[in-house]
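What follows is the residue order along each chain.
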Amino acid sequence: MAAMQMGLIGLGKMGGNMRERIRRSGHTVIGYDRNPDVSDVGSLAELVERLDAPRVVWVMVPAGAATQSVIDELGDLLSAGDTVVDGGNSRWTDDEKHAEELGARGIGFVDAGVSGGVWGLQNGYALMVGGDEEHVARLQPIFHALKPEGPYGYVHAGAVGAGHFSKMVHNGIEYALMQAYAEGWELLEAVHSVTDVREVFRSWQDGTVIRSWLLDLAVNALDEDEHLQKLRGYAEDSGEGRWTVEAAIDNAVPLPAITAALFARFASRQDDSPQMKMVAALRKQFGGHAVETREG
């Protein structure tokens, strides 16, 4: 595919690796971050000045107020015919609002749910994209650079908001899967007859119906800390689990497993939960999320 030029706002754990992966595919990426040590330019205005029209700007900043602030500023800096991609974890209802605000100025908007965590640079990122076909089509070279090799890992999920809605459901499923592994791990640890829980988990990695990348990461975590004694049983929730349950209520769709997994994280804040040690360890493994460790 032809080489493209794009701006990328937000060069943290995900954004910084995405910049590198896109560059490796031969595209030009001009990055902006509030941290001058990693930023290519000194301001959003300078970023826009450096880009040739029609411009493409990809936003990778925290959902909510931070994303809204960047969208507002880009609305003033960009021109009709430019395109903005929100690749953060925004709520799909915010996407609809941002598309309307930018669309009034002739600026296209695409929402991209991005999954890959700290492993994305090496393995590629799964992309779930929402937006009008004309805007999505323009970004195909960038999506191709980011996705894993092979036929899978990218979908134009539908209209504006569909990408982030799909990623939200993905994260809800992730909650339930992690909870199931965590509960099984705690039960194995609780009985005297099972003397090597880590190797039981390892034995599941090949040939079993529950093998998965999350299982591989659980084994990684147990190799680093066999009984997860260094961790506190406390796991944050990113917000998307809550949104998934709220959307289920709005649409009268029963989600008992995902809802229970979300509530289990709330319970983890009340005491030192063994299950939540595994959930915390998995979140660190795939996403580089902070964990709480025991003192001493």
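A short tour of the structure in this document, coming up. (Residues numbered from 1 in each chain as written. Predicted model: local features only at pLDDT ≥ 70, side-chain atom pairs only at ≥ 80, totals over all residues. Heavy atoms only, no water.)

## Some words on unusual backbone geometry
Following Ala 53, the chain continues into Pro 54 via a peptide bond in cis, with omega recorded as -10°. Relative to the helices and strands, Pro 54 resides in the loop between helix 2 (44–50) and strand 3 (56–59). At Leu 228, a position not held by glycine, the phi torsion is positive, near 55°. Considering the arrangement of structural elements, one finds Leu 228 in the loop between helix 10 (213–224) and helix 11 (240–251). (Helix = DSSP H or I, 4+ residues; strand = E, 2+ residues; numbered from the N terminus.)

## Side note on the environment of Leu 217
Mapped onto the fold, Leu 217 is located in helix 10. Distance from Leu 217 to Gln 285, taken between C-alpha atoms, is 6.1 Å for residues 68 residues apart in sequence.

## Observations concerning the packing of helix 3 (residues 65–77) against helix 4 (residues 92–103)
Where helix 3 meets helix 4, the axes come as close as 10 Å, and the angle between the chain directions of the two elements is 15°. On the basis of their axis angle, the class for helix 3 and helix 4 is roughly parallel. The interaxial crossing formed by helix 3 with helix 4 has right-handed handedness. Counted together, Thr 67, Gln 68, Ile 71, Asp 72 and Gly 75 of helix 3 and Lys 97, His 98, Glu 101 and Leu 102 of helix 4 form the full contact between these two elements. Across the contact of helix 3 with helix 4, the residue classes break down as 2 nonpolar, 4 polar and 3 charged. (Axes fitted to C-alpha atoms, helices over the stretch in contact; angles between N-to-C directions. Parallel < 35°, antiparallel > 145°, perpendicular 65-115°, else oblique. Left-handed = near helix turned anticlockwise from the far one by under 90°. Contact = heavy atoms within 4.5 Å. Nonpolar A, V, L, I, M, F, W, Y, C, P; charged D, E, K, R; others polar.)

## Comments concerning the pairing of strand 3
On a regular strand, each side chain points to the face opposite its neighbour's, so the side chains alternate between the two faces of the sheet. Covered by surrounding structure in strand 3 are Val 56 and Trp 58 together with Val 57 and Val 59, the residues of both alternating faces. Bridging between strand 3 and strand 4 (residues 83–86) involves 4 bridges; their strand directions are parallel. By the bridge assignment for strand 4, Val 59 is matched with Asp 86. With respect to chirality, the unit in which strand 3 leads through helix 3 into the neighbouring parallel strand 4 is right-handed. (Buried < 20%, exposed > 50% of the residue type's maximum accessible area, 1.4 Å probe, protein only. Pairing = 2+ DSSP bridges. Right-handed = clockwise from strand over helix to strand, strands pointing away.)

## Here we look at the packing of helix 10 against helix 13 (residues 274–287)
At a minimum axis separation of 9 Å, helix 10 and helix 13 run at an interaxial angle of 105°. Considered as vectors, helix 10 and helix 13 are oriented roughly perpendicular to each other. Residues Trp 213, Leu 214, Leu 217, Ala 218, Asn 220, Ala 221, Leu 222 and Glu 224 of helix 10 pack against Met 278, Ala 281, Leu 282, Gln 285 and Phe 286 of helix 13. For the contact of helix 10 with helix 13, a count of residues per class yields 10 nonpolar, 2 polar and 1 charged.

## A few points about the pattern of salt bridges
Per the counting criterion, the structure on display carries 14 salt bridges. For Arg 198, the salt bridge is made with Glu 199, and the minimal N-O distance between the two is 3.8 Å. Close ionic contact of Asp 237 with Arg 242 constitutes a salt bridge, the shortest N to O distance being 2.7 Å. Judged by relative accessible area, which is 10%, Asp 237 ranks as buried. Of the residues examined, Arg 242 reaches a relative accessible area of 37% and is grouped as partly exposed. A single salt-bridge network, built from bridges that share partners, covers Arg 198, Glu 199, Arg 202, Asp 223 and Glu 226. (Salt bridge = Lys/Arg side-chain N within 4 Å of Asp/Glu carboxyl O.)

## Remarks on the environment of Asn 89
Summarising the element assignment, Asn 89 is placed in the loop between strand 4 and helix 4. Sequence spacing of Asn 89 and Glu 189 is 100 residues, and the spatial spacing of their C-alpha atoms is 35 Å. Residue contacts for Asn 89: discarding those within four places in its chain leaves Ala 63, Lys 167, Glu 240 and Trp 243. Among the polar contacts listed, one links the side chain of Asn 89 to the side chain of Lys 167, at a separation of 3.5 Å. (Polar contact = N/O pair within 3.5 Å; in protein donor to acceptor, adjacent residues only side chain to side chain.)

## With respect to the packing of aromatic side chains
What the rule picks out here adds up to 6 aromatic pairs. Seen from their ring centres, Trp 92 and Phe 165 are 4.9 Å apart, and the 85° between their planes marks the pair as edge-to-face. Taken together, the residues Trp 92 in helix 4 and Phe 165 in helix 8 (residues 162–190) connect sequence positions 73 residues apart. Since its relative accessible area comes to 15%, Trp 92 is described here as buried. Aromatic pair Phe 201 and Trp 204: ring centres 4.8 Å apart, planes at 35°, arrangement tilted. Judged by relative accessible area, Trp 204 falls into the partly exposed class, the value being 23%. Cluster of aromatic residues (ring-pair linked, three or more members): Trp 58, Phe 143 and Tyr 154. (Phe/Tyr/Trp six-rings, centres within 6.5 Å; stacked < 30°, edge-to-face > 60°.)

## Concerning the sheet that holds strand 3
Spatially, the 7 strands line up as an open sheet ordered 2-1-3-4-5-6-7, and their pairing is mixed. Where the open sheet ends on each side, the last strands, each with one partner, are strand 2 (28–32) and strand 7 (154–158). Along the sheet, successive strands turn relative to each other by an average axial angle of 25°, direction set aside. The sheet strands contacting helix 8 are strand 4, strand 5 (108–115), strand 6 (126–130) and strand 7, and the helix crosses strand 5 at an angle near 15°.

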